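# An overview of the molecular structure
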Amino acid sequence: MTIRLNRRTALGLGTVATAGTVLGAAAPVSAAEGTEAAPTTPAQAARRVGAVYARQSTEAGGNWQAYVSVADPSGPPVVAVAAEADRRIEAYSVNKIAVATAVLDKVDRGLLTLDQRVEVTAAIVVPGGDGIFSLDGAYPSSVTLGHVLANLITVSDDTAVRLCGLVCPAAELNAILVGKGFPNTQVQPVANPNRFFLGTSTPRETHNLLRALVAGTLLSPASTAFLIGLLRSPIAFTDGIRRTMSSDERARVATKAGWFADARHEAGIIFDRSGAGVLTYALFADGQTDPDNLGATHPAVQARAAMGPRLLAAVDRLTGAGKAYRIAARRPSNGG
């Protein structure tokens, strides 16, 4: 298998004009990652993040496309990683963020409501798909659109994609995304106008969509808080970036993974201690060994699990930019 990744592409050198200045190349990866003092500036943090990414993605092997930035309250984000950032690739379930964005845009325009109900028929259920709708075993049932979106984002429910298609057909969904500035982040239409494959994106566009979300320019304040709450909830994906974090640390990460065939993707945002976005990542990987392994021991997933705590540590002393989103207290229940 040919590995297309090298240290220059991993760090984004020669791809983004500022990357060489931000990340440098003097210190070995091990030094930049583990022995230097905790970063106190966005440029220092970006250099550390780039070193972490280079080491872990290289060890995992395969093909990586990524775009990662560190927020700078005094200016534009500092690019930490830019590896084939504009390559259009199959995004798989990472594009469920884009699907939710289009549906919530219609909510913001008064065309839909979160409490309106959609019918779950036996015919619409994806047999054996990820999520919970295929486990119900009793159809038809009726759920709210809010319930559909919660399952779409947290447990990556495949039937929820089809339910979203009932209220936001593929052509309309794609037009909404184009209108918001994401022409490469598109679902793939099929013969049935209300169904689609999850389609494509680029690392840069996925990153920019997430940046727009936390900036409050993508959706209304209510829809923004709703979507960030789903992405940051305890039940959202925990096998990758959030795997070896405490519950408090996990609450500082909003994330969405996508897996299909030999691809293992993940994109999200790390928040500072006040709840402002401080690091945004879009990590796309394919071609690693063990392609039939959909669990936590897949090489690309293990790489992201190793990255997670190191990325958090790299920005832990920084202040994010923009609006702070309060972390809701989560308390387990014993019933009753």
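See above for the structure.
A few points on the structure. (Residues numbered from 1 in each chain as written. Predicted model: local features only at pLDDT ≥ 70, side-chain atom pairs only at ≥ 80, totals over all residues. Heavy atoms only, no water.)

## Section: the packing of aromatic side chains
- Scanning the model with the defined rule gives 3 aromatic pairs in all.
- Arranged with centres 6.0 Å apart and planes meeting at 90°, the rings of Y53 and W64 form a pair that is edge-to-face. Here W64 lies in strand β1 (residues 63-72) and Y53 lies in helix α4 (residues 42-60), a separation of 11 residues in the sequence.
- Of the residues examined, Y53 reaches a relative accessible area of 2% and is grouped as buried.
- Lying across the ring of Y325, K323 places its NZ or CZ 5.4 Å from the centre. (Phe/Tyr/Trp six-rings, centres within 6.5 Å; stacked < 30°, edge-to-face > 60°. Helix = DSSP H or I, 4+ residues; strand = E, 2+ residues; numbered from the N terminus. Buried < 20%, exposed > 50% of the residue type's maximum accessible area, 1.4 Å probe, protein only. Lys NZ or Arg CZ within 6 Å of the ring centre and 35° of its normal.)

## A closer look at α4
- Over its 19 residues, α4 runs 27 Å from end to end, which matches the ideal 27 Å to within 8%, given 1.5 Å per residue.
- Most of α4 sits out of view: 14 of its 19 residues are buried.
- Following α4 by one or two positions, G61 has its phi on the positive side, about 75°. (Expected span 1.5 Å × (residues − 1).)

## Here's the deal with the sheet that holds β1
- Read across the sheet, 5 strands follow the order β2-β1-β10-β9-β8 without closing on themselves; strand pairing throughout is antiparallel. Where the open sheet ends on each side, the last strands, each with one partner, are β2 (75-83) and β8 (253-260). In this sheet, neighbouring strand axes are inclined to one another by 5° on average, regardless of whether the strands run parallel or antiparallel.
- Across 8 bridges, β8 lies against strand β9 (residues 263-271) in antiparallel orientation. The residue bridging T255 from the neighbouring strand is G268, located in β9. (Pairing = 2+ DSSP bridges. Axes fitted to C-alpha atoms, helices over the stretch in contact; angles between N-to-C directions.)

## Here's the deal with the side chain of T200
- Residue position: T200 is located in strand β7 (residues 196-201).
- Here N184 takes part through its backbone oxygen, which lies 3.0 Å from a polar atom of the side chain of T200.
- The residues contacting T200, other than those within four sequence positions of it, are R88, I89, E90, A91, N95, N184, T185 and Q186. (Polar contact = N/O pair within 3.5 Å; in protein donor to acceptor, adjacent residues only side chain to side chain. Contact = heavy atoms within 4.5 Å.)

## Overview of the packing of helix α5 (residues 96-108) against helix α8 (residues 170-179)
- It is the contact of α5 with α8, at a shortest axis distance of 9 Å, that shows an interaxial angle of 90°. Relative to α8, the element α5 lies roughly perpendicular. Facing A98, V99, A102, D105 and K106 of α5, the residues of α8 in contact are E172, L173, I176 and L177.
- For the contact of α5 with α8, the per-class residue count stands at 6 nonpolar, no polar and 3 charged. (Parallel < 35°, antiparallel > 145°, perpendicular 65-115°, else oblique. Nonpolar A, V, L, I, M, F, W, Y, C, P; charged D, E, K, R; others polar.)

## Focus: the nonpolar core
- Counting 55 residues, the largest nonpolar core has L152 and L227 as the members making the most contacts within it.
- A per-element tally of this core places α5 first, with 8 residues.
- Setting aside residues up to four positions removed in sequence, L227 forms contacts with I97, A100, T101, L104, I153, L213 and L219.
- Among the nonpolar cores identified, the runner-up in size contains 31 residues, and A46, V49, A60 and L283 belong to it. (Core = buried A, V, L, I, M, F, W, Y, C linked by side-chain atoms within 4.5 Å.)

## Examining the environment of A314
- Its location among the elements puts A314 in helix α12 (residues 299-315).
- Relative accessible area serves as the criterion here: at 1%, A314 is assigned to the buried category.
- Along the backbone, A314 and Q44 are 270 residues apart, and their C-alpha atoms lie at a distance of 8.4 Å.
- If sequence neighbours within four positions are ignored, A314 has contacts with P39, A45, R48 and V49.

## A word on the side chain of T154
- With respect to the helices and strands, T154 occurs in helix α6 (residues 145-154).
- Here A150 takes part through its backbone oxygen, which lies 2.6 Å from a polar atom of the side chain of T154.
- For T154, the contacting residues outside a window of four places in its chain are L230, S233, I235, A236 and F237.

## Regarding unusual backbone geometry
- With an omega dihedral of 0°, the bond running from Y139 to P140 counts as a cis peptide bond.
- Relative to the helices and strands, P140 resides in the loop between β4 (117-120) and β5 (141-144).
- Even without glycine at this site, S156 takes up a positive phi of about 55°.
- Examined against the element boundaries, S156 turns out to sit in the loop between α6 and α7 (158-167).
- Since its relative accessible area comes to 3%, S156 is described here as buried.
- Positive phi, normally seen in glycine, also occurs at D290, with a value near 60°.
- Mapped onto the elements, D290 comes out in the loop between β10 (277-286) and α12.

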